Amino acid sequence: MAAAADGLGSISLDTSQLNMAVTDPAAWATAMNNLGMVPVGLAGQQLVTDSICVRGFDPTLSMMSGITPLNPMLPGMGLVPQPSATEVPVIKEIIHCKSCTLFPPNPNLPPPSTRERPPGCKTVFVGGLPENATEEIIQEVFEQCGDITAIRKSKKNFCHIRFAEEFMVDKAIYLSGYRMRLGSSTDKKDSGRLHVDFAQARDDFYEWECKQRMLAREERHRRKMEEDRMRPPSPPAIMHYSEHEATLLAEKLKDDGKFSEATTVLLTWIERGEVNRRTANQFYSMVQLANSHVRRLMNEKATHEQEMEQAKENFKTALMGILTQSLAAQAYALKEENDSLRWQLDAYRNEVELLKQEKGQLFRTEESLTKDQQLQFLQQTLQGMQQQLLKIQEELNSKKSELEQARKEHTNTQAVLKILQEQLKKNTKELAETNGHSEPQANEINVMTVPLVNQDRERNSEKQSQPLKSEKEALLIGIISTFLHVHPFGANIEYLWSYMQQLDSRISAGEIEMLLVRLPRMFKQEFTGVGATLEKRWKFCAFEGIKTT
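Now for a quick tour of the structure. (Residues numbered from 1 in each chain as written. Predicted model: local features only at pLDDT ≥ 70, side-chain atom pairs only at ≥ 80, totals over all residues. Heavy atoms only, no water.)

1. A few points about the sheet that holds strand β2 (residues 100-103)
The four strands are arranged β1-β2-β6-β7 in an open sheet whose pairing can be described as antiparallel. Looking at strand neighbours, the two that pair on one side only are β1 (95-96) and β7 (191-193), the edges of this open sheet. Note: strand β6 (residues 179-182) against β7, three bridges, orientation antiparallel. Paired with M180 across the two strands is G192, which belongs to β7. (Pairing = 2+ DSSP bridges. Helix = DSSP H or I, 4+ residues; strand = E, 2+ residues; numbered from the N terminus.)

Next up, the structure:
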C-alpha cells in the first residue's frame, strides 16, 4: 500500500502542457481566483487572500518554538477570519480545465455538509466522480489546490487525495458541490456531482501524534531548563577532617568574617562522627573557641542593644523637646494672631456702630421704615417738642422777670427824672436871678445823670451773663465741650445724655439742656432732617465766637 501510494505520489504533470484555448478567459480567471489558485497560462490576482491560503506557512514552526500546534485554518486563530452574518457569499463560476469543465452549484441551495475535521487532516474524500474519470483528470483538477502526495482511486466513483500540507485541504473543500463534465460529452458516465469531505487517514493521525509527542518533549525540556535556572545554587562541598584542616578551622573560628562558615564545617564534622579519643582534644578546643566567640558576640550584642536603647531615649527626649518648643512657639504665635484679630474685630465693630449712628439714618427712606421705627421717631419728636415747650416756658418766665425789672427801673428813672426836673426848675429860677452861675450848675446836673445810666448798664449785663452756680456745672460744661468738639456734626440730647449718664447716673437730660441754653455763645442748636426724620442737634461754637470777635 505504501509503495502504491509512493508510486501514485510520484506522478506529476508538466503545467506547460496544460495550456489550452479558453473560450471565456474572464470566467476562467474568476473561478480560479475563487479557488485561491493562479490560472495556468493567465496572470491574475487571487480572490482568496493569503490569510486563508498561506503558501509560506511552516507547520514545523511550533516544534522549534515550544508552542502548542494550532490549526491555521480554524476560525479565531488569526489566519481565517471569524464568519460574520453580514458577509457577502462568494459567487462560484464555471471552471474550464483541459479535460473537463466544472459547473458551480445552485447558489440558492444550502452549502454541502462536511464531517468534523480530524486532527492533522491532509487527506480528502472525493465522491460523485464520473465513471470515466481517470487519475490524470483528477490530478489535473486538484493539483491546483496544492502539492499532491498520493491519489487512491477506487473502482467506484470516489477516491482519496492526500496533500502535502493541511491548508491545501481547505482549497479542495471549496470544490464540493461542483458538477464535473468530461469534455463536451452528454453521457451520464462522463458527468457527476463532486462531494469533497475530510477523510480520517492513519498516516495523518500518526504524523500528528509524532508532532504532539515532539512538542511534549520540547515542553518538558523547556520546563526542566527553567527549573534548573530558577533552582538556587548548591552549597560548596565540605572537606573531610584532618589535623591540618582542624588547625585551619581553629584559625577561622577566631576570625569574625569566617566564623559562620567555620561553625558549619565544625557541625558537619560532628554529625559525620569524626569525634573520637584521638581527636577529642582538638574538637574540645574548637568548641571552646566557638563558645568564647559566641559569648563575646552576645556581650557585644547586649552592649549594642543598651546603646540602641539609650540612643532611642535620647532621640525621644530631644524630639519631645523640639515638639514642645515648636508647639509653644506655634501656640504663642496663634495667641498673638488671635488677639490681633480680636482687636481688629472690635475696631471694625466700633466703626460700624459709629457709621450706623452717624450716617445710617441719612440713607433711610420712608418706605423702608417699619411701624415700630416710625413710632420711635414720633416719640422722639414729641420729646423734642416737649423740651422746646419747656424751654419756651422758661424763656417766657425769664422775659417776665426782666419785664418786671425793666418796669421797676422805668419807675425809678421816672422818679429820678422828676427829681431832676424839679432841680432844673429850681436851678433855672436861680439862674434867672443870678446869670453868672449857669455853667457850673449844668456840670453838676451831668455828673448826677451819668452814674445813674452806668448803674442801669451794669444791671443789664449781670442779668445776661448769669455766672455758674457750682463747680459741678463747670465740670459738666468742660466734658460736654470736649464731647461735642469730637463730634463736628453735632449730637442730639439723648446721645449726649447717654454718654453723660456713664459718668453721673443721677443727671437728667433736662439739666443738660438747661445748661446748654444758658450758654448761647458756646453751644448752638440746629435742626436736621425732613418730616419724620427731623432731629435737633447741639454743636460746639465757642471757637467761632472767638474768631468773629
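2. What about the packing of helix α7 (residues 243-254) against helix α9 (residues 280-359)?
Packing of α7 against α9 brings their axes to within 9 Å, and their N-to-C directions diverge by 10 degrees. Judged on the interaxial angle alone, α9 and α7 are roughly parallel. On the side of α7, the interface is formed by E243, A246, L249, A250, L253 and K254, while α9 contributes Q282, M286, L289, A290 and H293. Here the residues of the contact of α7 with α9 sort into seven nonpolar, two polar and two charged. (Axes fitted to C-alpha atoms, helices over the stretch in contact; angles between N-to-C directions. Parallel < 35°, antiparallel > 145°, perpendicular 65-115°, else oblique. Contact = heavy atoms within 4.5 Å. Nonpolar A, V, L, I, M, F, W, Y, C, P; charged D, E, K, R; others polar.)

3. Here we look at the pattern of salt bridges
Enumeration according to the criterion identifies 20 salt bridges in this entry. Across the salt bridge formed by R278 and E243, the nearest N and O atoms sit 3.9 Å from each other. Here E243 lies in helix α7 and R278 lies in the loop between α8 (259-272) and α9, a separation of 35 residues in the sequence. For R278, a relative accessible area of 61% gives the class exposed. Note that D256 and R296 form a salt bridge whose closest N and O atoms lie 2.7 Å from each other. Pair noted here: D256 is in the loop between α7 and α8 and R296 is in helix α9, with a separation of 40 residues, a long-range link. (Salt bridge = Lys/Arg side-chain N within 4 Å of Asp/Glu carboxyl O. Buried < 20%, exposed > 50% of the residue type's maximum accessible area, 1.4 Å probe, protein only.)

4. A word on the packing of aromatic side chains
With the rule as written, the count across this model stands at eight aromatic pairs. Ring pairs connect the aromatic residues Y241, W269 and F283, which therefore count as one cluster. The ring of Y174 has K92 sitting right over it, with the charged end atom 4.9 Å from the ring centre. (Phe/Tyr/Trp six-rings, centres within 6.5 Å; stacked < 30°, edge-to-face > 60°. Lys NZ or Arg CZ within 6 Å of the ring centre and 35° of its normal.)

5. Re the nonpolar core
V126, F142, I161, F163, L175 and M180 are the most contacted members of the largest nonpolar core, which has 31 residues in total. Looking at which element gives the most residues to this core, the answer is helix α5 (residues 167-173), with five residues. Once you skip the residues sitting within four places of it in the chain, M180 turns out to touch C100, T101, L102, L129, P130, I137, V141, D190, S191, G192 and L194. Counting 19 residues, the second-largest nonpolar core is a separate cluster that includes L484, I512, L516 and L519. (Core = buried A, V, L, I, M, F, W, Y, C linked by side-chain atoms within 4.5 Å.)

Without other data, these values stay purely geometric and don't point to any function.
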